[in-house]
Structure formats: C-alpha cells, structure tokens
Amino acid sequence: MNLLIRGAHILNPDSPFHNSIKDIFIEAGVIRQIGDNLSVENAELIDAKGCYVSVGWFDLRANFQDPGLEHKEDLESGSQAAMAAGFTDVLLLPNAQPVVDSKNAVAYYQKWSKYSLVDLHPMAAVSLKAEGKELTEMIDLHSAGAKAFSDGVKPIWHTDIMLKSLQYLQKFDGLLINKPEDELLTAFGHMNEGEVSTVMGLKGMPSIAESLMIQRDLELLEYAGGKVHFSLISSKDSVALIREAKAKGLKVTCDVGVNYLKFIDADAQSYDTNFKVNPPYRTEQDRLALVEGVLDGTIDVIVSDHYPHDEECKKLEFDLADFGTNNLQGFLPVLIDVFGDDFEKVVDRFTSKPREILGVTLPKIEEGADACLTIFSKDRTWQFNKQTNLSKSLASPLMNQELKGAVLAVTNKGQVFKTNNEA
C-alpha cells in the first residue's frame, strides 16, 4: 500500500526533519520522500495537519493472556487495541498458560508477528512456570528470540534465583526485569495501605513492600554486576532509590504504568474495581514523585501495563475482584492530561528508550528507511466506549468518557491501520 501523510509535525530528535512540518510519502513500506506539498498518484491520503508523527510506539509491558485465557484477550484483539493505542511493538509478559519458559512458547509469538503489523516481542520467564524455584534455560531462550527475562506479574522472590540470574545473564548481556514486591508484606491486600484503606475497611499493601525489594535487588546488582530493570514502580521512595542508584553508576532502569501517573488510592473510594491494580495506586505525593521522575529521567519508560479481565473477574466486591485493567487505548489521553505542554519531552519514554533498553533497532524518519510510524493528535477528542474499545476487556476507569488525545494511524512492515479518529 502506498501512503501519503500530509502536513505532519515530525517528532524525532534523531531525524534531520525533527520539529518540522512535512509531507511523508511511503511506498511498499519504505519512506520514499519527505518534503513540502508532495504530489503523488495512487496513494492513500492521511490528512495530518495539526497532528504529529513519531517513530512507532513501543510498549514495554503488556499481557495479552494468550495462550490459555483467550476469553480475556487474545493476540488478535490485543494487537488491534495496541494499534488503536499507537503501538507498533509490544513486549509481552510471560504469564500465559502455559508460562513462556520454552523455545516453543517463544516461537508462538514470533509466528504471529510474521504477519501482523504489531511486532510482539516475547519475554521469557526467569524461573520454570514463574514459580521462583528453578531457573529456565535462559541461553537457549535468548537464542530462540526471547527479548528479556522476568517472572512478569510475579516478583522474583527467591534471593538466590535473583543473584544467579544477574550472573547468568551477563554471558549474553541479557536484561533482567523484576516487579519489585515482597509478597509476604502484601498478602491478602487489596489497595495501598494508608488512610483511605483504613476508612474503606480493606487490608492495605504497604509501599515498603516495593522499596525493600528494590533495596535488595540494588545490593545484589552492586555485588554481582549485570543490569536490572524495575517494572511498575509506584512510590516516591522507589523513585528516590533508583535515582540514587543511577547516580552511583549502577546499570539500572525502570518503568511506570501510565495509569499510575494519573490515579491515586482516593480514586478507589467508590469501590470501583477498575481501580484495583497491583501495585496499588498510592498517594498524591507518590503520584507527583512519579511524574517528576519521568520528567527528570529517573524513570526511563512509560508502559501501558495492559492487564485485561473479563466482567466475571471484575464485577465483584472489591476484595474479590482480580487485579488489573484495560489500559491500552487510554495511553495517549492520560499522557496528554498529565503532562500537557510537557508532553513532547516524554515521547522518547515510549519510542526510543524501550528499544534502547532491549537492544532493539530504533526506526528512523528519513528517506529510504522502513516506515514504522505513529500519527496522532494532542487535541482531537473521542468517545471511549464499547464501540471504540478494541480490547475484549471493558475493565477501564476511562470507559464511557470523552478523551482528549487521539491516535490517527500506525504503519509498520508495509501495513497501515487507521482508527476512527482519522476522519
């Protein structure tokens, strides 16, 4: 398919066209021309005047629940929602059924990616069945195409497993990703421990459960070497610890879920289970520290933390409902809401930074480059509802709201996906 993107504001610091408004002509998946008032025959037109184009967005943390729980989400619906959200690449958690701890499991996602616009990058488990007891064959999994190693939604609770993983992965410069949580401190908890949980009568999950795990892992990192990425940090203490570790020169990176930049524990006072997530939303002080951490570079990546559930798992009493929500299509509107005029300063947190951390080649916006692009508007509004939602899950606190910030289209591997926001 030939495509002409008309009048887009290019956001790509690595491109000579950064911050300029240009037409982009794409032929057979390759950027052929970038210029002014291009005249091209037999090309589909996207009118991007007043809109932006960047390299395709990369989500460093999502769970499509496939295989095993396809009634919650499958690769087709998850990819559709990802494209509508602006993502051309997604790193998938290993917590499928079965867990991604074998070469065949890695190949399952690679086969899908051959024909899909969205590249699905498999994350392999650190331990067999993600139980934290016995290491997987990480060298074989890496050779098979696993992009990173993590037990995903489960923290690496076993200290010796964590230490051996740091040592083992240095053989091929592999990336270890850990969700920092001491599950003995959060057991039977449902939300952040504090005034709100006390008033609501729910057992809390203290932020120290996160910061203690980060302290442990940083000490192990200093002792063993290697590199570690903390996924879904949620507290001001975590931001401070990681900022200090970076200042010491440790090879540490981290991400935050986009929803943690907007919501706090007080939002759950209505007992709406769409606010039940793990880690839990914390206080306004924590939220502000996370926003500051993104702006000053302490937090390297913003992820969707897409963890979809069916209604049977969410339409329950708060203490019985599952953790997790549908976060993909609300990604851009939340960022616009949180960062406003500073939005352009954080685009690299979901374009270049995830690829840099994973060692994945960064696409370019230049003539002759493969077209891996996201076209979006900061100002257009749209309704997020059952009709526009492309995920199987309706579990989103943004459902049935008018949202500001719309993705128009994505293109990758010669394919184009246009949303209803393009008109």
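Treat the numbers as computed from the prediction; the structure is a model and nothing was measured. (Residues numbered from 1 in each chain as written. Predicted model: local features only at pLDDT ≥ 70, side-chain atom pairs only at ≥ 80, totals over all residues. Heavy atoms only, no water.)

Asks: It is not clear to me how the pairing of strand β6 (residues 57-62) should be interpreted in this structure. Could you clarify?
Replies: Remark: a regular strand shows side chains that alternate across the two faces of the sheet. Burial analysis of β6 places six of its six residues in the buried class, the great majority of the element. When β6 meets strand β7 (residues 87-92), the two strands line up parallel, connected through four bridges. Looking at β7, one finds that Trp57 is bridged to Phe87. Handedness of the β-α-β unit built from β6, helix α1 (residues 75-85) and β7 comes out right-handed. (Buried < 20%, exposed > 50% of the residue type's maximum accessible area, 1.4 Å probe, protein only. Helix = DSSP H or I, 4+ residues; strand = E, 2+ residues; numbered from the N terminus. Pairing = 2+ DSSP bridges. Right-handed = clockwise from strand over helix to strand, strands pointing away.)

Asks: It is not clear to me how the packing of aromatic side chains should be interpreted in this structure. Could you clarify?
Replies: Centre-to-centre distance and the angle between the planes together describe a pair of aromatic rings. Under the defined criterion, the tally for this structure stands at 16 aromatic pairs. Centre to centre, the rings of Phe87 and Phe331 are 4.9 Å apart; their planes meet at 70 degrees, and the pair counts as edge-to-face. You can see Phe87 sitting in strand β7 and its partner Phe331 sitting in helix α11 (residues 331-339), a full 244 residues away along the chain. The same class applies to Phe87 as to Phe331, namely buried. Centroid distance Trp382 to Phe384: 5.6 Å. Interplanar angle 65 degrees. Geometry classified as edge-to-face. In this structure, Trp382 and Phe384 share a single accessibility class: buried. One Lys or Arg, Lys276, reaches over the ring of Phe323 and ends 4.8 Å from the middle of that ring. (Phe/Tyr/Trp six-rings, centres within 6.5 Å; stacked < 30°, edge-to-face > 60°. Lys NZ or Arg CZ within 6 Å of the ring centre and 35° of its normal.)

Asks: Please clarify how helix α8 (residues 236-247) should be interpreted in this entry.
Replies: Think of an α-helix as 3.6 residues a turn; residues three or four steps apart then line up on the same face. Under the 1.5 Å per step criterion, the end-to-end length of α8 is 17 Å for twelve residues, consistent within 8% with the ideal 16 Å. For α8, the complete set of buried residues consists of Ser238, Val239, Leu241, Ile242 and Ala245. Seen end-on, α8 carries its buried residues on one side only, within an arc spanning 165 degrees. Lining the buried residues of α8 we find α7 (208-224), β13 (228-230), β14 (252-257) and α9 (284-296). Gly249 sits one or two residues past α8 and shows a positive phi near 95 degrees. (Expected span 1.5 Å × (residues − 1). Arc of directions from axis to C-beta. Contact = heavy atoms within 4.5 Å.)

Asks: Even after reading the chapter, I still don't get the state of the cysteines, so can you show me in this structure?
Replies: Each disulfide consists of one covalent bond between the sulfur atoms belonging to two cysteines. Taken as a whole and judged by the stated rule, the model has zero disulfides. With no disulfide of its own, Cys372 lies closest to Cys51 among cysteine sulfurs, the gap being 18 Å. Relative accessible area serves as the criterion here: at 7%, Cys372 is assigned to the buried category. (Disulfide = S-S within 2.5 Å.)

Asks: Please clarify how the pattern of salt bridges should be interpreted in this entry.
Replies: A side chain with one charge can pair with a side chain of the opposite charge if their charged atoms come near. What the rule picks out here adds up to 21 salt bridges. Between Asp89 and Arg355 there is a salt bridge, and its shortest N-O distance comes to 2.9 Å. Of the two residues, Asp89 sits in strand β7 while Arg355 sits in helix α12 (residues 352-358), which places them 266 residues apart along the sequence. Here Asp173 and Lys227 are joined by a salt bridge, their closest N and O atoms 3.4 Å apart. Of the two residues, Asp173 is situated in the loop between α4 (159-169) and β10 (176-178) and Lys227 in the loop between α7 and β13; the sequence distance between them amounts to 54 residues. (Salt bridge = Lys/Arg side-chain N within 4 Å of Asp/Glu carboxyl O.)

Asks: How do you make sense of the side chain of Ser150 when you look at a structure like this?
Replies: Mapping Ser150 onto the fold places it in the loop between β9 (148-149) and α4. Given the relative accessible area of 1%, Ser150 is considered buried. At 2.9 Å, the side chain of Ser150 and the backbone oxygen of Ile177 are in polar contact. Not counting residues within four places of it along the chain, the set of residues in contact with Ser150 comprises Pro94, Met123, Ala124, Ala125, Val126 and Ile177. (Polar contact = N/O pair within 3.5 Å; in protein donor to acceptor, adjacent residues only side chain to side chain.)

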